[in-house]
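Spelled out from the first residue to the last, the chains are:
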Amino acid sequence: GDGLASTAENWSPAGTPVSGDAIVLDARGNGHPMRWDAAMKGVSPASWTQDGYTESVTFETVYDAEGFDKVTIAGDVSLMSGSWTHLGNVNDALYRLFVEVDGKMTVGADAVITAEGLGFYSQLTIAKLYGGDGAGTQGGTHGGRGAKNDNATGFTTRLDPYGYCYAPEMLGTGGNWMGDLNGGGAIRLIVNGKLTLEGTVCADGIRNTVGN
């Protein structure tokens, strides 16, 4: 009932998954999004199958001084429906999706891996870390310069890009025109076997407030 992977009663047969178990999410789980919570850290499923399951799976993988806290799947992944995602961020880079698949992985046409809108919520809150002074109306940024309008000199490019363009791992930042906007989150996948991608992988920013 709480959607947590670490709650034994959420599984059939009842029991918290352990390393070596095969995870199967099908239509019986619809109506119940699942959260692979921190209590599942270190559990390495033998395989992962989503087919007929149309809900989201949220992985509580984090980023810290030691690097990514990842989920490792020892065998194959068949992601034919539903979605994978991570928790949202506000002012600090805490969460992103990081999964390593030792076997092959298939992302079907009806499946989505998404970090849409899960980055920093406004350029104003992150400007002090990644460039700019937090004043005026500002555009989002990551790999490119976000425009800034200080209502006096017009648009400038004072919000510097950040991160490593050849292997980006940082979160995107949103602007603040007509309300605070969310930047995109971060997705990192390591697939040691063959990857077949027919679905969607997305880390776009989103607009929270309707405006011009």
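This structure is a prediction, so every number in the text was calculated from the model and none was measured.

Undergrad: In this structure, what is going on with the pairing of strand E1 (residues 22–25)? I would like to understand it.
TA: The alternating pattern of E1 places Ile23 and Leu25 on a buried face, while none of Ala22 and Val24, on the opposite face, is buried. Strand direction decides the pairing type here: E1 and strand E3 (residues 47–50), joined by 4 bridges, are parallel. Following the sheet pairing, Ala22 is matched in E3 by Ser47.

Undergrad: Is there a simple way to explain the pairing of strand E10 (residues 105–114) in this structure?
TA: Taken residue by residue, a regular strand's side chains alternate between the two faces of the sheet. As judged from the 7 bridges shared by strand E8 (residues 77–86) and E10, these two strands associate in the parallel manner. The residue bridging Ser81 from the neighbouring strand is Asp110, located in E10. In this structure, E10 lies alongside strand E16 (residues 200–202), joined through 3 bridges in parallel fashion. Residue pairing across strands places Thr114 opposite Cys202, the latter belonging to E16.

Undergrad: Looking at this model, I keep getting lost on the side chain of Thr85. Mind explaining?
TA: Counting through the fold element by element, Thr85 comes out in strand E8. Looking at Thr85, the relative accessible area reads 12%, which means it is buried. The contact partners of Thr85, leaving out residues within four places of it in the chain, are Val57, Thr58, Phe59, Leu97, Thr114 and Leu118.

Undergrad: Hey, could you run me through a nonpolar patch on the surface in this one?
TA: On the surface, Leu195, Leu197 and Val201 cluster together into a nonpolar patch covering about 260 Å² of accessible area. On the accessibility criterion, Leu197 (46% relative accessible area) is partly exposed.

Undergrad: In this structure, what is going on with the pattern of salt bridges? I would like to understand it.
TA: Two side chains with opposite charge may pair up if their charged atoms get near one another. A complete count under the given rule lists 4 salt bridges for this structure. Between Arg28 and Asp26 there is a salt bridge, with the nearest N and O atoms lying 2.8 Å from each other. The class for Arg28 is exposed, based on a relative accessible area of 68%. Between Glu100 and Lys70 there is a salt bridge whose closest N-O contact spans 2.3 Å. Linking Glu100 in strand E9 (residues 97–101) with Lys70 in the loop between strand E6 (67–68) and strand E7 (71–73), this pair joins segments that are 30 residues apart in sequence. Classification of Glu100 by relative accessible area gives buried; the value is 13%.

Conventions used here
- Residues numbered from 1 in each chain as written.
- Predicted model: local features only at pLDDT ≥ 70, side-chain atom pairs only at ≥ 80, totals over all residues.
- Heavy atoms only, no water.
- Buried < 20%, exposed > 50% of the residue type's maximum accessible area, 1.4 Å probe, protein only.
- Helix = DSSP H or I, 4+ residues; strand = E, 2+ residues; numbered from the N terminus.
- Pairing = 2+ DSSP bridges.
- Contact = heavy atoms within 4.5 Å.
- Patch = residues over 30% accessible without salt bridge, like charges linked within 9 Å, V, L, I, M, F, W, Y side chains within 5 Å.
- Areas by Shrake-Rupley, 256 points an atom, 1.4 Å probe, with all protein chains shown as cover.
- Salt bridge = Lys/Arg side-chain N within 4 Å of Asp/Glu carboxyl O.

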